[in-house]
Amino acid sequence: MKGMILAAGLGTRLKPWTDNHPKALAVVNGKSLLQRNVEYLQQFNIRELVVNVHHFASQIIDQIEKNEGWGSDIRISVETTEVLETGGGLLKAAAFLTGDAPFVLMNVDILTDLDLKSMLDYHQEYLPLATLATSHRKTSRYFLFDEDNNLAGWKNVTTGEIKNAGALNTNVTPKAFSGIHLIDPKIFGLIKQTGKFSMVDVYLDLMISHSIKCFDDAGRFVDVGMPESITLAEKMFV
């Protein structure tokens, strides 16, 4: 099984660190977020990875080379002129991720102890196009799922914006996305967007004709997106 870690973002919420460093190299108890997530994936025998880079890309590349990928085979996808967001970044790295087996996609700025093996078992039981790790924590933006755990829409509770008609179904349940996807590589033949785009829009387009499932994550989770979340992460992840 292969994986991709999204590490190209500007990390504006993590200023002032990201004024001079990429968010992927923010340190939690002596280890960078990137190293922690490489080692997290190793727990599930995922050692073939691609990491996308843009903001202070050379610093990330230097750390990967210096540490020999922390024991994993890591390839680099360089987004030279601009950050391509989650969807554009994934599509650019498609050649590495194609094949018959599902792959994992995750954000570099999350820390979790989600049991990825259980999530993969769930994915292989139902064989959706993608399975998204979710939880019931409070956030401003939610994916909405029907009673069969199929994606039905998206909502921003701050602005009231709703995407896709399925979101109006009174039986939908809002769930917060935990930044981890399991994806069938056939998605690359279905994505219609180009350039810079989000996977949210891809899923909302494809949910009409394909199953996009959720997998509820009851484990520990920290979105290490702001300086104060570093302190929280250090309490939760030694």
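Everything discussed here concerns the structure shown above.
Let us look at the structure shown here. (Residues numbered from 1 in each chain as written. Predicted model: local features only at pLDDT ≥ 70, side-chain atom pairs only at ≥ 80, totals over all residues. Heavy atoms only, no water.)

**Comments concerning the pairing of strand β6 (residues 103–107)**
Counting buried residues in β6 gives five out of five residues, a clear majority hidden from the surface. Burial of the side chains of β6 extends over both faces: F103, L105 and N107 are buried on one face and V104 and M106 on the other. Both strand β1 (residues 2–6) and β6 contribute to a ladder of four bridges, which runs parallel. Note that in β6 the partner of I5 across the bridge is M106. Pairing analysis gives four bridges linking β6 to strand β12 (residues 173–183), with the strands arranged antiparallel. Each residue of the ladder has a partner; that of M106, found in β12, is I180. (Buried < 20%, exposed > 50% of the residue type's maximum accessible area, 1.4 Å probe, protein only. Helix = DSSP H or I, 4+ residues; strand = E, 2+ residues; numbered from the N terminus. Pairing = 2+ DSSP bridges.)

**Observations concerning unusual backbone geometry**
Residue P16 follows K15 across a cis peptide bond; omega there is 10 degrees. Examined against the element boundaries, P16 turns out to sit in the loop between β1 and β2 (27–28). Residues other than glycine seldom take positive phi values, yet N29 does so here, at roughly 50 degrees. In this fold, N29 is placed in the loop between β2 and β3 (31–32).

**Observations regarding the pattern of salt bridges**
In this structure the tally under the stated criterion is nine salt bridges. Salt-bridge contacts for R13 lead to D223; the nearest nitrogen and oxygen are separated by 3.2 Å. Of this pair, R13 sits in the loop between β1 and β2 while D223 is found in strand β14 (residues 221–223), placing the two residues 210 residues apart along the sequence. A relative accessible area of 31% means that D223 is categorised as partly exposed. For D109, the salt bridge identified is with K23, shortest N-O distance 3.2 Å. (Salt bridge = Lys/Arg side-chain N within 4 Å of Asp/Glu carboxyl O.)

**Quick notes on the environment of L10**
In this structure, L10 sits in the loop between β1 and β2. L10 sits 60 residues away from W70 along the chain, and the two C-alpha atoms are 23 Å apart. If we skip the residues at most four places from it in the chain, L10 touches T18, H54, H55 and V83. (Contact = heavy atoms within 4.5 Å.)

**Remarks on the side chain of S229**
On the secondary structure map, S229 appears in helix α7 (residues 227–236). Separated by 2.4 Å, the side chain of S229 and the backbone oxygen of M226 make a polar contact. Dropping the residues within four chain positions of it, S229 is found in contact with V222, D223 and V224. (Polar contact = N/O pair within 3.5 Å; in protein donor to acceptor, adjacent residues only side chain to side chain.)

**Here we look at the side chain of S77**
Looking at the secondary structure, you find S77 in strand β5 (residues 73–78). Among residues more than four places away in sequence, those in contact with S77 are V50, V51, N52, V53, K92 and A93.

**Considerations on the packing of aromatic side chains**
Within a pair of aromatic rings, the relevant descriptors are the distance that separates the centres and the angle that separates the planes. Following the criterion strictly, the structure yields six aromatic pairs and no others. What links up through ring pairs into an aromatic cluster is the set Y122, Y126 and F215. The positively charged end of K2 is found above the aromatic ring belonging to F96, 4.8 Å away from the centroid. Seen from the ring of Y126, K213 lies directly overhead, with NZ or CZ sitting 4.9 Å from the centre. (Phe/Tyr/Trp six-rings, centres within 6.5 Å; stacked < 30°, edge-to-face > 60°. Lys NZ or Arg CZ within 6 Å of the ring centre and 35° of its normal.)

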